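Each chain is listed here by its residues.
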Amino acid sequence: MKRIAGLLCVVAGITVAGTAFGQADLSVFPVGTTTMVYTMRTEDMSRSMPLEFTVTAHGDATYTVRMMTEGTGTEDELGSFGFIGGMTSVSSSGHDVSYTSLEALMDQRNRLQEGQEYLLPGGGSFTSITGVTIAGVWCLQGTLVDPDSPDVRTTVAFALSKPVYISPLIRVEELRNGQWVEVFSLELVEYTVTGS
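Not measured: the values here are computed from a predicted model.

About the criteria used
Residues numbered from 1 in each chain as written. Predicted model: local features only at pLDDT ≥ 70, side-chain atom pairs only at ≥ 80, totals over all residues. Heavy atoms only, no water. Helix = DSSP H or I, 4+ residues; strand = E, 2+ residues; numbered from the N terminus. Buried < 20%, exposed > 50% of the residue type's maximum accessible area, 1.4 Å probe, protein only. Contact = heavy atoms within 4.5 Å. Salt bridge = Lys/Arg side-chain N within 4 Å of Asp/Glu carboxyl O. Pairing = 2+ DSSP bridges. Core = buried A, V, L, I, M, F, W, Y, C linked by side-chain atoms within 4.5 Å. Phe/Tyr/Trp six-rings, centres within 6.5 Å; stacked < 30°, edge-to-face > 60°.

K.L.:
Would you explain the overall build of the chain in this entry?
P.N.:
Each helix and strand in the chain was counted, giving three helices and eleven strands. Listing every helix and strand of the chain by position from the N terminus yields α-β-β-β-α-β-β-α-β-β-β-β-β-β. The 196 residues of the chain split such that 44% are buried. Long-range contacts, defined here as pairs at least 24 residues apart, represent 53% of the contacts in the chain between residues at least 6 apart.

Given below as structure tokens:
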């Protein structure tokens, strides 16, 4: 349950602190309401959890941001259900996966190219970059490789065609007994814009 609490903290940190996960400034959202529905999963949860963000741009330089989630599961699975703001990393089986090293990539995502490899501060790299469409949003997706944690890999997608509040895909996997096991994922499954 510590893991689910940590992962929920990451999502709260995204919205509260505007950390490196933030894919777009509010000013680039169109007038009206943009709804982004994500599915969040951890290996400890028997069911995935929906996470919905809405950004309403009122057209007068004011915005309303709303986040809604719900969880269904056993008492143990939901015992730590809640949000605590300010975190910018996922803690998983003793490994800390920091996304702060991806901030420069996110800021320069329009310059990323498929098939390239980019070196990151601290000796890591962003590799295996491919173009993908996630819930109607064109993205570049790649894998974060950290030489200090060779048994953990993180896949991240950067939205290019439409503004999103957080990355369309964040997936953390751990190498266990020669197999990659998904321990956390947050994936965009629906994207709509209404009003204007």
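Next comes the rest of the write-up.
K.L.:
Any chance you could explain the pattern of salt bridges here in plain terms?
P.N.:
A pair can form between side chains of opposite charge whenever their charged atoms are brought close. Under the criterion given, the structure shown has six salt bridges. We note a salt bridge from E182 to R41, for which the minimum N-O separation is 3.7 Å. Placement of the pair is E182 in strand 11 (residues 179-194) and R41 in strand 1 (residues 32-42), with a sequence separation of 141 residues. Linked through salt bridges whose partners overlap, the residues forming this network are R41, R171 and E182.

K.L.:
What's the story with the sheet that holds strand 3 (residues 63-69) in this structure? I'm lost.
P.N.:
To summarise the sheet geometry, strands pair through backbone hydrogen bonds and adopt either a parallel or an antiparallel arrangement. Strand order in the open sheet formed by nine strands is 3-2-1-11-10-9-8-7-6, and the pairing between neighbours is antiparallel. Every other strand in the sheet has two partners, leaving strand 3 and strand 6 (118-119) as the edge strands with one partner each. The pairing of strand 1 with strand 11 spans ten bridges and is antiparallel. Residue pairing across strands places T42 opposite F184, the latter belonging to strand 11.

K.L.:
When you look at the nonpolar core in this model, what are you seeing that I'm missing?
P.N.:
Here is a general trend for soluble globular proteins: nonpolar side chains tend to be buried in one another's company. M36, Y38, V164, L186 and L188 are the most contacted members of the largest nonpolar core, which has 28 residues in total. If we ignore the near neighbours within four places in the chain, the residues touching L188 are M36, V37, Y38, I134, A135, V137, V164 and P168.

K.L.:
Looking at this structure, how should I read unusual backbone geometry?
P.N.:
Its identity is not glycine, yet A61 carries a phi of approximately 70°, on the positive side. Residue classification places A61 among the exposed positions, given a relative accessible area of 68%. Even without a glycine there, the phi angle at A135 is positive, about 50°. Within the element layout of this structure, A135 appears in the loop between strand 7 (125-134) and strand 8 (137-145).

K.L.:
Is there a simple way to think about the side chain of T54 in this case?
P.N.:
Along the chain, T54 turns up in strand 2 (residues 49-57). Sequence-distant contacts of T54, that is, excluding residues within four places in its chain, are made with T33, T34, T35, T64, V65 and R66.

K.L.:
Mind showing me how you'd approach the pairing of strand 8 here?
P.N.:
Two faces, one strand: in a regular strand the side chains alternate between the faces of the sheet. Counting buried residues in strand 8 gives seven out of nine residues, a clear majority hidden from the surface. Counting the residues between successive antiparallel strands, the hairpin from strand 7 to strand 8 contains two residues, one of them, A135, with a positive phi of roughly 50°. Relative to strand 9 (residues 152-159), strand 8 runs antiparallel, the two being bridged by six bridges. Bridging from a neighbouring strand, C139 pairs with A159 of strand 9. Where strand 8 folds back on strand 9, the antiparallel hairpin that results is connected by six residues.

K.L.:
How do you make sense of the packing of aromatic side chains when you look at a structure like this?
P.N.:
The relative placement of two aromatic rings is captured by the distance of their centres and the angle of their planes. This structure, assessed with the given rule, holds three aromatic pairs. The interplanar angle of 40° and the centroid separation of 5.6 Å between the aromatic rings of F53 and Y165 together place this pair among those described as tilted. Residue F53 is found in strand 2, and its partner Y165 is found in the loop between strand 9 and strand 10 (169-176); the two are separated by 112 residues along the sequence. The exposure class assigned to Y165 is buried, which follows from its relative accessible area of 13%. By way of ring pairs, the aromatic residues Y38, F53 and Y165 are connected into one cluster.

Any functional reading would require information beyond the geometric quantities listed.
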